Every structure is written in C-alpha cells, then in structure tokens.
Amino acid sequence: MHAYRFRLLAEDQDEFLRDIDILANQTFEEFHRALIAMFKLDSEELASFYICDNKWRRIKELTLIDMEHDEDFDDEDEDEKPVKKNKLPVFVMNQVKIRDIIDDPHQRMVYEYDFLNPVVFYIELYKIVPGDKEQEYPLCSRSVGEFVRAPLRKRFALEDLGEDLLTTEDDMLDDMFEVNTDEGSVEEPTEW
C-alpha cells in the first residue's frame, strides 16, 4: 500500500502550502471531500479537477456530477446555434481512482471550486510515500500558512489573455513548486 503526496498551492497566496497524502485506490471524490472539509468550504458548490500537462494546459476534467447527462442542468437555448469547442474528455470524480489518472511522476492538476466565486488550487504530485494502515486517508502531511478565501471578483481565463501571460504564469508556478525548505530541492517520486 502506498500513498501519493500532492503539493497544493493556492492562487494569489504566496505564503500558503499544503501536502496532502491520498491512497492510490481512493477516488477523486474522496480527494474533493477532503479539500472541502480542510478548507471549510460549502459542500453544495460544484467543483472540478483538471488534469494538466507539464505546462499547466488542461487535458482532462473530473467533475463532481455528470452534467452532460443530467436533465436538471439542461439549459441550452433551442434558438442558439451550437458553438464548436475543443472539449476536454470529462469523467465523474466518484468513478475514477487516483491511480487511474496519475501517470506522470510530477503529474499536475488544477482544482477549481465554486465557478461563480472560484477557489483555485494548483496541485502537483510531489512524491510517493509508504501508506500507514493506522492512518485515515486523505490526510494533510504538511501545512504552511493560512488559507484565506478571496472575496468575490471577476476572473478571466488565462487562455484568453495570450501566450506571454501563460508562459509567465507557467514559469512562476514551476518556481513555486521547486521550493522545498526541508531538503532544498524537489524530491523525485519513488516506486515508479
């Protein structure tokens, strides 16, 4: 039994860091519920994990509910012409185990909670650690700084702001994840 240790950074909070350990056979919904409890967020809001490549580009989405097949959310206007979009493959959190998606030693993800007043966490697989049968997972293995939820504000998608900003944002996130005050560098995941 082993656990994945993910490092979380919060958008717009330089002094915040959390390391979360979760077992490989747990689901993304369990990860989501742990984040809701840890940060005292309202469990009624929607959320998604976005699996990213090494440049933080989103390649898969894991949603809390299957909105494509949920009639309660069918808000299409019949008069509007459909807009062709490049859609991400979408999965439902409670149907996907962590080990089913994590395939990169430094896998990156973005977690977005509450799409009207978003909370955004940047997540990267930090290392793989031995699991402890006496512990209940997911668990917080390291905590630095306090989480402060930003007030309601208007947000723009990074993709809409141009490649220069994306490059700058990517470089900044890379630098932030490489900070490790204990050992001085990022540890390579083990057991791959």
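Quick caveat, the model's predicted, so the values are computed rather than measured.

Procedures and definitions
Residues numbered from 1 in each chain as written. Predicted model: local features only at pLDDT ≥ 70, side-chain atom pairs only at ≥ 80, totals over all residues. Heavy atoms only, no water. Helix = DSSP H or I, 4+ residues; strand = E, 2+ residues; numbered from the N terminus. Buried < 20%, exposed > 50% of the residue type's maximum accessible area, 1.4 Å probe, protein only. Contact = heavy atoms within 4.5 Å. Phe/Tyr/Trp six-rings, centres within 6.5 Å; stacked < 30°, edge-to-face > 60°. Lys NZ or Arg CZ within 6 Å of the ring centre and 35° of its normal. Pairing = 2+ DSSP bridges. Salt bridge = Lys/Arg side-chain N within 4 Å of Asp/Glu carboxyl O.

What follows covers the overall build of the protein chain. Helices and strands together make up the secondary structure of the protein chain, namely three helices and eight strands. In sequence order, the secondary structure elements of the protein chain are arranged as β-β-α-β-β-β-α-β-β-β-α. Put simply, the protein chain has 192 residues, and 41% of those count as buried. In the protein chain, the proportion of contacts linking residues at least 24 apart, taken out of those at least 6 apart, comes to 72%.

Scanning the entire structure with this criterion turns up 13 aromatic pairs. Ring pairing ties together the aromatic residues Tyr4, Phe6, Phe16, Phe28, Phe31, Phe39, Phe49, Tyr111, Phe121 and Phe147, which thus form one cluster. Across from the ring centre of Tyr126, 3.9 Å away, lies the NZ or CZ of Arg7, which sits over that ring. Just above the ring of Tyr50 sits the side chain of Arg58; from NZ or CZ to the centre is 4.1 Å.

The omega angle of the peptide bond from Tyr137 to Pro138 is -5°, so this bond is cis rather than trans. Note that Pro138 resides in the loop between β7 (119–130) and β8 (139–144). The residue Asp12 is not glycine, and still its phi comes out positive at about 65°. Among the secondary structure elements, Asp12 is positioned in the loop between β1 (2–10) and β2 (17–23). Judged by relative accessible area, which is 61%, Asp12 ranks as exposed.

Of all the seven residues making up β2, seven are buried; the element is thus mostly covered by neighbouring parts of the structure. The two faces of β2 match: Leu17, Asp19, Asp21 and Leu23 on one face and Arg18, Ile20 and Ile22 on the other face are all buried. Across six bridges, β1 lies against β2 in antiparallel orientation. Following the sheet pairing, Arg5 is matched in β2 by Asp21. The loop that links β1 with its antiparallel partner β2 comprises six residues; one of these, Asp12, has a positive phi angle of about 65°. With five bridges joining them, β2 and β8 adopt antiparallel strand pairing. Each residue of the ladder has a partner; that of Leu17, found in β8, is Val144.

Now for the pattern of salt bridges. Side-chain pairs of opposite charge can arise whenever the charged atoms involved come near each other. If you walk through the whole model with that rule in mind, you get seven salt bridges. The residue Asp19 makes a salt bridge to Arg7 at a minimum N-O spacing of 2.7 Å. Residue Asp19 is located in strand β2, and its partner Arg7 is located in strand β1; the two are separated by twelve residues in the primary sequence. Exposure remark for Arg7: the relative accessible area of 1% places this residue in the buried category. The closest approach of N and O atoms between Arg149 and Asp114, which form a salt bridge, is 2.8 Å. Of this pair, Arg149 sits in the loop between β8 and α3 (163–177) while Asp114 sits in the loop between β6 (108–113) and β7, and the two are 35 residues apart along the sequence.

All quantities given are derived from atomic positions and should not be read as evidence of function.
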